[in-house]
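Chain and residue survey
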Amino acid sequence: MPNDKESKKQRTEMHPSSGLVSRSLGGCFSSQPSAWALQVATNVTEQKHHVSRDKRGQVLGHLRGFRGCTVWFTGLSGAGKTSISFELESYLVARGVPAYSLDGDNIRTGLNKNLGFSKEDREENIRRVAEVAKLFADSGVIALCSFVSPFGKDRDMARKVHRESDLPFFEVFVDTPLNICETRDVKGLYKKARKGDIKGFTGLDQAYEKPECPDLVVKTVDCSVDESMTQVVEMLIENGIIPRSMNGDSRVHELFVEENKIAAAKQEAFELPSVSITTIDLQWVQVLAEGWAYPLKGFMTEDQYLQCQHFGCLLNGSTKVTNQSIPIVLPVTTEDKERLEGCSAITLNHDGRPIAIMRKPQFYPHRKEERSCRQFGINNQGHPYIKMIYESGDWLVGGELEVLDRIQWHDGLDEYRLTPNEIRERCRAMGADAVFAFQLRNPIHNGHALLMQDTRRRLLEDRGFRRPVLLLHPLGGWTKEDDVPLLTRMQQHRAVLDEGVLDPASTLLAIFPSPMMYAGPTEVQWHAKARMNAGANFYIVGRDPAGMPHPDPPSRDLYDATHGSRVLSMAPGLPGLEILPFRVAAYDKTKKAMEFFEPSRKDDFEFISGTKMRGLARSGQNPPDGFMAPRAWTVLSNYYQSLRK
């Protein structure tokens, strides 16, 4: 005798609309009059999601902007709908886009377990799913629906449900030939249907109505799941659902003159009136030319300067907002302004060599006090960059640039000065499915390395990425006199990689050409935006980023050490970039290693300040074992000891 639980599973469920008992047969149906019980929907298997609830909760809403829509995968059983859907779900969630896969079998084990496979039941099945998907989309989630949905009328109804709520709906036809689907028959349904055990199986003795005008056709023959998924990603990008920057394959616009026009441009530059620029100005030309400040096409005009100073953003049209927290401007003297005003174009020269042509130059006052107060929060010439502002010209000139040649510094480090587009290409060649950037202007100790190692681990284990690449990106422009020079820092970073503290196979070491401004939370937004233009998906922000001591006594930080990360997490105009807060590391005396600080055993930790580190290096002493890679410490120690000679 069956027990009560077994009896419940065997009870009759007569669908009221059909008057028939529907026998569940996976992707088929068999409907027949009957007065006795048949279990509904028995040939279904629960599909396990690739993304856990914990993972979903970690990222929901991390990527700013509403992206709710429904992607409806239709095709024969075994076509690859669920495989593509689950792969796409993993891809989106890992990048901070909320997404959820609604699979046909999963739905029939819950919401629709009282439905069979009669025509009426199938219509009701799709109607319910369409309504649920609409709710998901309306909440801002990308709903991914994987259903055979063989009838065009039902799919049109699902689209209509979304259209009436003004929600995007994309029909994706997974077009896989029947013979291929049969070879993928992991559930054994085709085999049963061929034997006659299942009647009315879609594709065999039940028609499948191919979509007439789908939004996308994915042919899976000779195409991997990842390649199929990428086609859907591209569709979402083209329709504005997700930003192209999230895919890491969008090139930024560079300002270099086209190769076939260089000769004519150089001749024109030689004939135009010119203005001399400083080395720091040249560094900003490089930043602009290579696309780090995209969409800027040259030094800021007055409107762009005002947007930057007052909004921290550039307004491109009525809705497009791009973060640009620091002004990129070209100061000139009153004499140069009076000489050049009214010219349709001018040449920018450095050390007597033409660097770029500026079209339609616009001159406007350089309000130094206001600029300093807005950008730095102080107006104190004890601050090194503010001092340079006051020593520069009383006018600013802005206009679009045509840069004649790639800027080289001939210091043995040009091979590391990769443009944003070159970084994207390198990361793609490394097989990166995520890029996390870490900027620093100081030598790397094992606390920094611990943070980068832990970030990579979290991206692999918690977020489901397969090959995250670290963009180790030291700042390479002007820095204040007491900072470690670029050549020494690069040698030290190279030693860290050579000793295996960071994995060379998953790390790209390159130089960020921007000058340092020491503008704290205002400047850290610029650092993040520039890395986003280079294809970074994640940005690690540390304690007191872009900060420095206050120029006046008593001794204190100029900016709150926590404000950089807090401001960056709220900053507008950074689509596709997720901010990773800095975890505090200190030297664990019990383990003789840098570890994440634990307040509960604070006495076990020692914070080794930069001042103490420099003192040890100058005196030729070694730091505690485990503080820094030995060869990296040797590079640093040799530099500081050379200053004593």
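Details of the structure are given in the entry above.
A few points on the structure. Remember, predicted model here, so these are calculated numbers, not experimental data. (Residues numbered from 1 in each chain as written. Predicted model: local features only at pLDDT ≥ 70, side-chain atom pairs only at ≥ 80, totals over all residues. Heavy atoms only, no water.)

What follows concerns the packing of helix H5 (residues 119-138) against helix H6 (residues 152-164). Look at H5 against H6: their axes get within 9 Å of each other, and the N-to-C directions meet at 25 degrees. For the element pair H5 / H6, the angle class is roughly parallel. For the pair H5 and H6, the crossing hand works out as right-handed. Of the residues in H6, those in contact with Lys119, Arg122, Glu123, Ile126, Arg127, Ala130, Glu131, Ala133 and Lys134 of H5 are Lys153, Asp154, Met157, Ala158, Val161 and His162. Of the residues contributing to the contact of H5 with H6, the split by class is six nonpolar, one polar and eight charged. (Axes fitted to C-alpha atoms, helices over the stretch in contact; angles between N-to-C directions. Helix = DSSP H or I, 4+ residues; strand = E, 2+ residues; numbered from the N terminus. Parallel < 35°, antiparallel > 145°, perpendicular 65-115°, else oblique. Left-handed = near helix turned anticlockwise from the far one by under 90°. Contact = heavy atoms within 4.5 Å. Nonpolar A, V, L, I, M, F, W, Y, C, P; charged D, E, K, R; others polar.)

As a further point, take the sheet that holds strand E17 (residues 468-472). An order of E18-E17-E16-E19-E20 is seen for the five strands of this open sheet, with the pairing classed as parallel. Edge positions in the sheet fall to strand E18 (507-509) and strand E20 (578-581), since each of these pairs with one other strand and no more. Within this sheet the neighbouring strands show an average axis-to-axis angle of 25 degrees, counted without direction. The strands that helix H18 (residues 486-498) touches are E17 and E18; relative to E18, the one it contacts most, it runs at about 160 degrees. (Pairing = 2+ DSSP bridges.)

Here Arg371 lies in helix H14 (residues 368-376). The charged side chain of Arg371 is buried without a salt bridge, its nearest counter-charge being Asp281 at 8.3 Å. Within the structure, Arg371 has its side chain in polar contact with the side chain of His366 (distance 3.0 Å). Among all residues touching Arg371, those that are not within four sequence positions of it are Tyr305, Gln309, Pro327, Val329, His366, Phe376, Tyr385, Ile389 and Met517. (Buried < 20%, exposed > 50% of the residue type's maximum accessible area, 1.4 Å probe, protein only. Lys, Arg positive; Asp, Glu negative; His and termini not counted. Salt bridge = Lys/Arg side-chain N within 4 Å of Asp/Glu carboxyl O. Polar contact = N/O pair within 3.5 Å; in protein donor to acceptor, adjacent residues only side chain to side chain.)

Turning next to the pairing of strand E5 (residues 142-146). Taking burial as the measure, the five residues of E5 include five buried ones, the bulk of the element. Alternating residues of E5 divide into Ile142, Leu144 and Ser146 and Ala143 and Cys145, and every residue in both groups is buried. Pairing geometry for strand E3 (residues 69-74) and E5, over five bridges, is parallel. What sits directly across from Val71, in E5, is Leu144. Where strand E4 (residues 99-103) meets E5, five bridges bridge the pair, whose relative direction is parallel. When the bridges of E5 are listed, Ser101 appears paired with Leu144.

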